[in-house]
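The residues making up each chain are set out below.
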Amino acid sequence: MGPSVLVVDHVAASPILVHVPHASRSVPAWARGTMTADAAQISRELDAMTDAHTDLIALAANDACSASASLFINQLSRLVVDPERFPDDREEMLQVGMGAVYTRGHEGAGLRSETDTNNQGELLTTVFEPYTQRFTKLVDQILERHQRAVIIDLHSFPKMALPYELHGSDPRPEICLGTDQFHTSPALLLAAEGAFHEHQTQINTPFSGSFVPLAHYQRDDRVQSIMIEVRRDQYLAQDLAPEPVGIRRVSQALADLIAAVEGADGGAAA
């Protein structure tokens with residue numbers, strides 16, 4: 001057991017860190033052993049919940065711009081643990097069984113025992129905590145080098161709302177820009193709107209917020225963060241395969257955002 005992460009380290013050159021937490025479909029045998037769901041249900045959950053090929057978007061964006069960001073790409077499925085959830089009662093998704101350790105799937109069917117707190121606690125200790133500690137350490141290294149850190153939190157979402165969504169009736173634009181009142185400056189939001197100007201964008205719908213390590217959350221405004229949620233029909237075919245034109249379009253917009261933030265002085269897009 002333990003986290004599995006691909007890190008592309010450009011800390012020396014850039015204050016930007018692109019986080020890709022939900023791109024993987026990997027559920028190792030030890031993780032399947034923590035679940036009550038059968039293989040067919042797990043496969044359906046992976047189809048519904050994986051932000052498929054968002055890792056390709058991040059890698060292509062870095063290739064497309066000279067100001068390469070650091071990348072932090074989760075190599076385990078969010079069905080193992082979800083590193084972006086609060087690990088405690090602050091997490092609103094607990095009400096649908098989707099805290100840091102999912103006990104229910106996207107349609108409400110059981111995924112793990114809700115009463116096996118030992119199982120859930122072990123996953124938090126062996127996977128969630130080391131993952132977040134490694135991410136926090138990278139952010140600290142960026143702060144030490146650049147006196148600012150800008151997290152771009154990359155996700156995707158389906159065109160039609162899934163049953164688990166708490167705000168499924170909200171608008172579903174081509175690009176959702178998730179912001180945090182403390183950690184997203186007006187300049188950073190403006191840079192994101194400019195970079196994705198060829199897409200229809202809206203703010204905090206159907207998802208809101210953006211990932212910040214708990215060590216910095218609501219404490220250090222040198223850590224800025226914005227979430228980019230790409231509607232899946234913008235870059236995926238119906239069989240969830242990557243659509244090359246869409247991938248290029250989205251990755252170029254992300255590259256433009258990276259370049260805009262990199263080119264700004266410490267107070268502009270940070």
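Rules used throughout
Residues numbered from 1 in each chain as written. Predicted model: local features only at pLDDT ≥ 70, side-chain atom pairs only at ≥ 80, totals over all residues. Heavy atoms only, no water. Pairing = 2+ DSSP bridges. Helix = DSSP H or I, 4+ residues; strand = E, 2+ residues; numbered from the N terminus. Axes fitted to C-alpha atoms, helices over the stretch in contact; angles between N-to-C directions. Contact = heavy atoms within 4.5 Å. Phe/Tyr/Trp six-rings, centres within 6.5 Å; stacked < 30°, edge-to-face > 60°. Buried < 20%, exposed > 50% of the residue type's maximum accessible area, 1.4 Å probe, protein only. Polar contact = N/O pair within 3.5 Å; in protein donor to acceptor, adjacent residues only side chain to side chain. Right-handed = clockwise from strand over helix to strand, strands pointing away. Core = buried A, V, L, I, M, F, W, Y, C linked by side-chain atoms within 4.5 Å.

Enquirer: Break down the sheet that holds strand β2 (residues 16–20) for me, citing the residues and quoting the values.
Expert: Judged by pairing direction, the sheet is mixed, and its seven strands sit side by side in the order β1-β3-β2-β4-β7-β5-β6 without closing on themselves. Looking at the sheet topology across the chains shown, the edges are occupied by β1 (5–8) and β6 (201–203). On average, each strand axis in the sheet is inclined to that of its neighbour by 20 degrees, with strand direction left out of account. As defined by bridge partners, strand β5 (residues 175–178) adjoins strand β7 (residues 223–231) across four bridges and the pair is classed as antiparallel. The residue of β7 that forms the bridge with L177 is I228. Sitting on the sheet, helix α6 (residues 244–263) is in contact with β2, β4 (149–157) and β7, with an inclination near 165 degrees to β4.

Enquirer: Hey, could you go over the packing of aromatic side chains for me, with residue numbers and the actual values?
Expert: With the rule as written, the count across this model stands at five aromatic pairs. On the numbers, 5.0 Å between centres and 80 degrees between planes, the contact of F72 with F135 is edge-to-face. Residue F72 is located in strand β3 (residues 70–74), and its partner F135 is located in helix α4 (residues 117–146); the two are separated by 63 residues in the primary sequence. Taking the relative accessible area as the measure of exposure, F72 reaches 0% and is therefore buried. Ring geometry for F86 against Y217: centres 5.8 Å apart, planes inclined by 65 degrees, an arrangement best described as edge-to-face. One end of the pair, F86, is in the loop between β3 and α4; the other, Y217, is in the loop between β6 and β7, and 131 residues separate them in sequence. Classification of Y217 by relative accessible area gives partly exposed; the value is 26%. Aromatic rings pair up to connect F72, Y131, F135 and F211 into one cluster.

Enquirer: Which residues make up the environment of E91, and what are the values?
Expert: With respect to the helices and strands, E91 occurs in the loop between β3 and α4. Distance from E91 to G33, taken between C-alpha atoms, is 25 Å for residues 58 residues apart in sequence. Excluding residues that lie within four positions of it along the chain, E91 makes contacts with R85, F86, M98 and G99. Here F86 takes part through its backbone nitrogen, which lies 2.8 Å from a polar atom of the side chain of E91.

Enquirer: Tell me about the pairing of β5, residues and numbers included.
Expert: As a general feature of sheets, a regular strand has side chains that alternate between the two faces. Here β5 shows a buried face lined by I175 and L177 and a second buried face lined by C176 and G178. Both β5 and β6 contribute to a ladder of three bridges, which runs parallel. If you follow I175 over to β6, its bridge partner there is T201. The handedness of the β5 to β6 crossover, carried by helix α5 (residues 186–195), is right-handed.

Enquirer: Let's hear about the pairing of β4: which residues, and what values?
Expert: Most of β4 sits out of view: nine of its nine residues are buried. Alternating positions in β4 separate into two faces, A149, I151, D153, H155 and F157 on one and V150, I152, L154 and S156 on the other, with burial throughout. Strand direction decides the pairing type here: β2 and β4, joined by four bridges, are parallel. Looking at β4, one finds that I16 is bridged to V150.

Enquirer: Any details on the nonpolar core? Residues and values, ideally.
Expert: Note on soluble globular proteins: their nonpolar side chains tend to be buried together. Core analysis: the biggest nonpolar cluster contains 36 residues, and V18, L154, F196, I228, L254, L257 and I258 have the highest contact counts within it. Residue assignment for this core shows that the elements contributing at least two residues are β2, α3 (54–64), β3, β4, β5, α5, β7 and α6. A per-element tally of this core places α6 first, with eight residues. Setting aside its immediate chain neighbours within four residues, I228 contacts I152, D153, L154, H155, I175, C176, L177, A192, F196 and L257. Counting residues in hydrophobic clusters, the runner-up holds 25 residues, among them A31, L46, L111 and L123.

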